Amino acid sequence: MITKLLSLLKLGSPKIDLVLDRNEISPGGTIGGSFHLKGGWTNQKIKRLECDLVKDGKGKKPTLIQPVTTVLMSQTINRKDKKEFPFHCQLPEELNPSSEKVKYRLQTKLVFVDDVKSIDHDELIVTKYE
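Residues numbered from 1 in each chain as written. Predicted model: local features only at pLDDT ≥ 70, side-chain atom pairs only at ≥ 80, totals over all residues. Heavy atoms only, no water.

Draft legend 1. Representation of the environment of K101 within the structure. Of note, K101 is situated in the loop between β6 (82-90) and β7 (102-112). Given a relative accessible area of 62%, K101 falls into the exposed group. As for K101 and K60, which are separated by 41 residues in sequence, their C-alpha atoms are 9.8 Å apart. (Helix = DSSP H or I, 4+ residues; strand = E, 2+ residues; numbered from the N terminus. Buried < 20%, exposed > 50% of the residue type's maximum accessible area, 1.4 Å probe, protein only.)

Encoded structure:
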């Protein structure tokens, strides 16, 4: 009962962190890195790992640009486990450069069997074409 409550409050649940090789990229460029998965206080069954490219506009709701990857999983991450998965993504050619009004980020979600999610955000700086 207590572990279920802690899980719903996201206390002690596994964490996901996308570690990028760099965060500046031009439109159409490829970016790489790895997903770092760290176990929580208890064993937890994972359904999937999702990563989406999202655009944030000042005063607007975030907009999905493109789904980057979805990895279906049927595994349990044990307490204190650490796992790493490779990451690569090619950005669309038609992206406008980042500015004060337009920002981009990679939103990563680790979804557990009970639909509780662990979320990570990584800002991308889209530069002008060179």
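Next comes the rest of the write-up.
Draft legend 2. View of unusual backbone geometry. Even without glycine at this site, K80 takes up a positive phi of about 65°. Within the secondary structure, K80 sits in the loop between β5 (63-77) and β6.

Draft legend 3. Spatial organisation of the state of the cysteines. Overall, the coordinates contain 0 disulfides when judged by the stated rule. Residue C51 stays outside any disulfide, its sulfur separated by 7.0 Å from that of C89, the closest cysteine. For C51, a relative accessible area of 0% translates into the label buried. (Disulfide = S-S within 2.5 Å.)

Draft legend 4. View of the nonpolar core. Of all hydrophobic cores here, the largest spans 26 residues; its most connected members are L53, F87, L91, L106 and L124. Of all the elements, β7 adds the most residues to this core, at 5 residues. The contacts of L124, once residues within four sequence positions are left out, are L20, N23, I31, L53, L91, S98, Y104, R105 and L106. (Core = buried A, V, L, I, M, F, W, Y, C linked by side-chain atoms within 4.5 Å. Contact = heavy atoms within 4.5 Å.)

Draft legend 5. View of the sheet that holds strand β2 (residues 24-25). Strand order in this open sheet of 5 strands is β2-β8-β7-β4-β5, and the pairing throughout is mixed. The sheet is open, and its two borders are formed by β2 and β5, each paired with just one other strand. Of the pairings in the sheet, the one linking β2 to strand β8 (residues 117-126) comprises 2 bridges and is parallel in character. Bridge pairing links E24 to I125 in β8. (Pairing = 2+ DSSP bridges.)

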